[in-house]
Amino acid sequence: MKNKIVVLFIVILVFVNMVQAQVSDCHISFHGHLVDIKTRESIPGVLVRIKEFGKATVSDSAGIFSFSDLCAGQYSFICEAIGYDTLVKTINLTKSGHA
């Protein structure tokens, strides 16, 4: 059985400060923290892709990832790591800083 990735998108929705948006067109930054659902430990080396653009990044040793220069809109974030189920989470980014 594969482990489950929990992206702290849930926390992002509760703690809006996890999304840091700048008020100008297409200059929104989005940051997240990837953790194992069972152990609550950070998951390094997770490939995080934005489906709509093909942009991708890899989480660092602390499980943190970030994207910058995004426009306001709805995006599907796809998280993939060896030994974990693929996670797809749709987020609506706004210029106001609220996801």
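Residues numbered from 1 in each chain as written. Predicted model: local features only at pLDDT ≥ 70, side-chain atom pairs only at ≥ 80, totals over all residues. Heavy atoms only, no water.

Novice: An account of the packing of aromatic side chains is requested, with residue identities and associated values reported.
Specialist: Per the stated rule, a full pass over the model turns up five aromatic pairs. On the basis of an interplanar angle of 55° and a centroid distance of 5.8 Å, the ring pair of Phe 67 and Phe 77 is categorised as tilted. Of the two residues, Phe 67 sits in strand β6 (residues 64-70) while Phe 77 sits in strand β7 (residues 73-80), which places them ten residues apart along the sequence. Among the residues examined, Phe 67 registers a relative accessible area of 6% and is labelled buried. (Phe/Tyr/Trp six-rings, centres within 6.5 Å; stacked < 30°, edge-to-face > 60°. Helix = DSSP H or I, 4+ residues; strand = E, 2+ residues; numbered from the N terminus. Buried < 20%, exposed > 50% of the residue type's maximum accessible area, 1.4 Å probe, protein only.)

Novice: Explain the nonpolar core to me, using residue names and the numbers behind them.
Specialist: By size, the foremost hydrophobic cluster in this structure holds 17 residues, and its most contacted members are Val 48, Leu 70 and Phe 77. Elements with a contribution of two residues or more to this core: β3 (28-36), β4 (47-50), β6, β7 and β8 (87-93). Once residues lying within four places of it in the same chain are set aside, the contact partners of Val 48 are Leu 34, Lys 55, Ala 56, Thr 57, Phe 65, Phe 67, Phe 77, Ile 78 and Cys 79. (Core = buried A, V, L, I, M, F, W, Y, C linked by side-chain atoms within 4.5 Å. Contact = heavy atoms within 4.5 Å.)

Novice: So what's going on with the state of the cysteines? Residues and values would help.
Specialist: For the structure on display, the rule yields one disulfide. A sulfur-sulfur distance of 1.8 Å marks the disulfide that ties Cys 26 to Cys 71. Disulfide Cys 26 to Cys 71: torsion about the S-S bond roughly 95°, handedness right-handed. Of this pair, Cys 26 sits in the loop between β2 (19-20) and β3 while Cys 71 sits in the loop between β6 and β7, and the two are 45 residues apart along the sequence. In this structure Cys 26 comes out as partly exposed when scored by relative accessible area, which is 30%. (Disulfide = S-S within 2.5 Å.)

Novice: Mind laying out the pattern of salt bridges, listing which residues take part and the relevant values?
Specialist: Counted under the stated rule, the structure contains one salt bridge. For Arg 49, the salt bridge identified is with Glu 80, shortest N-O distance 3.4 Å. Of this pair, Arg 49 sits in strand β4 while Glu 80 sits in strand β7, and the two are 31 residues apart along the sequence. Here Arg 49 falls in the partly exposed class, since its relative accessible area comes to 29%. By relative accessible area, Glu 80 is classed as partly exposed at 29%. (Salt bridge = Lys/Arg side-chain N within 4 Å of Asp/Glu carboxyl O.)

Novice: Give a detailed account of the sheet that holds β7, specifying residues and quantitative values.
Specialist: Read across the sheet, four strands follow the order β5-β4-β7-β8 without closing on themselves; strand pairing throughout is antiparallel. Looking at which strands have only one partner, the edges of the open sheet turn out to be β5 (55-58) and β8. Neighbour-to-neighbour, the strand axes of the sheet open up by a mean angle of 25°, direction not taken into account. Of the pairings in the sheet, the one linking β4 to β7 comprises four bridges and is antiparallel in character. Within β7, the residue paired with Arg 49 across the bridge is Ile 78. (Pairing = 2+ DSSP bridges. Axes fitted to C-alpha atoms, helices over the stretch in contact; angles between N-to-C directions.)

Novice: Can you break down unusual backbone geometry residue by residue, with the values?
Specialist: The residue Arg 40 is not glycine, and still its phi comes out positive at about 65°. Taking relative accessible area as the criterion, Arg 40 reaches 58% and is therefore assigned exposed. If you check the backbone angles, Asp 69 has positive phi at about 60° while not being a glycine. The residue Asp 69 is located in strand β6 in this model.

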